Amino acid sequence: GRVNNMRILVFDLMKSGEDFLHIPPFFTDLLRISYETGSRVMTNSWGGLEEGREYSSLTREMDEFLLEHDDYMIIQASGNDGDQGVNSPGVFKNGITVGASMNSYASWKENYPFDPFVMTRPEIYNEQNLFTFSSWGEPGGRRKPNLVAPGGAIKSARSGGGQMLLYGSSMSSPLIAWKYMAIKAQLPKNVSALVPYGIMLASSESLTGYLVEYSPLGSVRHGKVNQKGDGWGLAVGNANPKNWAWIDRVKMSQGVREWCFESKQKGRNQTVVLLWRDLANWPGTKGELVLDYDLRVVLEGAKEKKEAMMLNDHRNNIEKISWRSMKHEKVRIQVSVGSDPVDYHIPLKFTLVFSKSLKQV
């Protein structure tokens, strides 16, 4: 951020002498102030589980604003209630909900150099594990959180001066916001907010470790993560926009669109991500997907048979396919309409992010 002249706009949602937040009754007003001031990303480390299982009016406002402003992004902490559910408004469809993974063993050793349990248990204290307190769930059938980032033993400013170590998805969300802006600063100014987000999704990998119940007296390792609560995986720090290409703001109301590519290097990891913003639901619903696209990848190698991969996912407005390329591989990426958007007044747009080693033909 030091070289990109980034600016920070802060909203204070507390009143003097009180220890709880005052969320504006019309949150869109606050979003408009943010947007008109020049902000293009908002990060929120607050929320509540009381409305977390349903789609609230606040959630609807956020989804509507993001649909109408395709260059704006909201990043929301998932909460610290584990498998009880994602905190509202993190159940929204069109922004990024962030969960809390663990940070690296080297970081734990730096922060707790005299803790014998930390120093002797690298299998627990590493970045492939997920905190059990990190909220996750499937509101409307969607996978939440969307991404995870380190959320434990994170240095933060202490009120009155100095630093302290804090835990929670509230610590993860600002890290995602920083990474999002660092990627966005390297992209053309006219891309939608889904391009830097798509690069983060394409670069992410599912956690291979365990669910860890943290305790200062010695953390406990439970079962494998197995995509329970890590969303589309860990947002890696080295996600480089130079490794990815994109097709942005494509409008389509029916049928199938296809793009053809070639990949000449065998054994290369390839990924394509399809993402779009959906129409908002009414408060009190589950927040199900309204408008749907489907992603299909067709592969054909020089000496190997054709292979097709398709995601018939009608619940998430993110679809991601990864594979290892064959020699002299021909790739067809297809996007089809899985619902009937012509009945709605807002045109639906989607974005594709794919490996730059795929050469379009």
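The rules we used
- Residues numbered from 1 in each chain as written.
- Predicted model: local features only at pLDDT ≥ 70, side-chain atom pairs only at ≥ 80, totals over all residues.
- Heavy atoms only, no water.
- Pairing = 2+ DSSP bridges.
- Helix = DSSP H or I, 4+ residues; strand = E, 2+ residues; numbered from the N terminus.
- Salt bridge = Lys/Arg side-chain N within 4 Å of Asp/Glu carboxyl O.
- Buried < 20%, exposed > 50% of the residue type's maximum accessible area, 1.4 Å probe, protein only.
- Core = buried A, V, L, I, M, F, W, Y, C linked by side-chain atoms within 4.5 Å.
- Contact = heavy atoms within 4.5 Å.
- Phe/Tyr/Trp six-rings, centres within 6.5 Å; stacked < 30°, edge-to-face > 60°.
- Lys NZ or Arg CZ within 6 Å of the ring centre and 35° of its normal.

1. Some details on the pairing of strand β11 (residues 256-263)
Part 1: Inspection of the sheet shows β11 paired to strand β16 (residues 329-337) by eight bridges, in the antiparallel sense. Counted as the bridge partner of E262 is K330 from β16.
Part 2: Across two bridges, the pairing between β11 and strand β18 (residues 359-360) is antiparallel. Note on β18: the bridge partner recorded for E262 is K359.

2. What about the pattern of salt bridges?
Part 1: Throughout the structure, instances matching the rule amount to ten salt bridges.
Part 2: For K155, the salt bridge goes to E110, with nearest N and O atoms at 3.7 Å. With K155 in strand β6 (residues 154-157) and E110 in helix α3 (residues 105-111), this pair connects stretches of sequence that are 45 residues apart.
Part 3: Assessed through its relative accessible area of 55%, E110 is described here as exposed.
Part 4: Beyond isolated ion pairs, a larger network of salt bridges with shared partners links D70, D248, R249 and K349.

3. Quick look at unusual backbone geometry
Part 1: The omega torsion across S88 and P89 is 10°, close enough to zero to call that bond cis.
Part 2: Note that P89 resides in the loop between β2 (73-77) and β3 (96-101).
Part 3: Residue P145 is bonded to the preceding K144 through a cis peptide linkage, with omega at 5°.
Part 4: One can find P145 in the loop between β4 (130-131) and β5 (147-150).
Part 5: One non-glycine residue with positive phi stands out, namely R249, at about 55°.
Part 6: By the secondary structure assignment, R249 is in strand β10 (residues 244-251).
Part 7: Given the relative accessible area of 31%, R249 is considered partly exposed.
Part 8: A positive phi is found at H328, a non-glycine position, where the angle reads about 50°.
Part 9: For H328, a relative accessible area of 44% puts it in the partly exposed group.

4. A short note on the nonpolar core
Part 1: Membership of the largest hydrophobic core comes to 30 residues, with the highest contact counts inside it found for V272, Y293, W323, V335, F350 and L352.
Part 2: Where this core is concerned, the elements lending two or more residues are β10, β11, β12 (269-276), β13 (293-300), β15 (318-324), β16 and β17 (349-355).
Part 3: V272 has contacts with L295, V297, E319, K320, I321, W323, I333, L352, V353 and F354, leaving out every residue within four places of it along the chain.

5. Topic: the packing of aromatic side chains
Part 1: Tallied over the full model, the rule gives 18 aromatic pairs.
Part 2: With a centroid separation of 5.4 Å and an interplanar angle of 85°, the aromatic rings of W276 and Y293 are classed as edge-to-face. Taken as a pair, W276 in strand β12 and Y293 in strand β13 lie far apart in primary sequence, 17 residues in all. With respect to class, W276 is no different from Y293; both count as buried.
Part 3: One aromatic cluster is present, built from ring pairs that chain together W108, Y112, F117, Y125, F131, F133, Y167 and Y214.
Part 4: Its end group placed over the ring of Y35, R40 keeps NZ or CZ at 3.7 Å from the ring centre.

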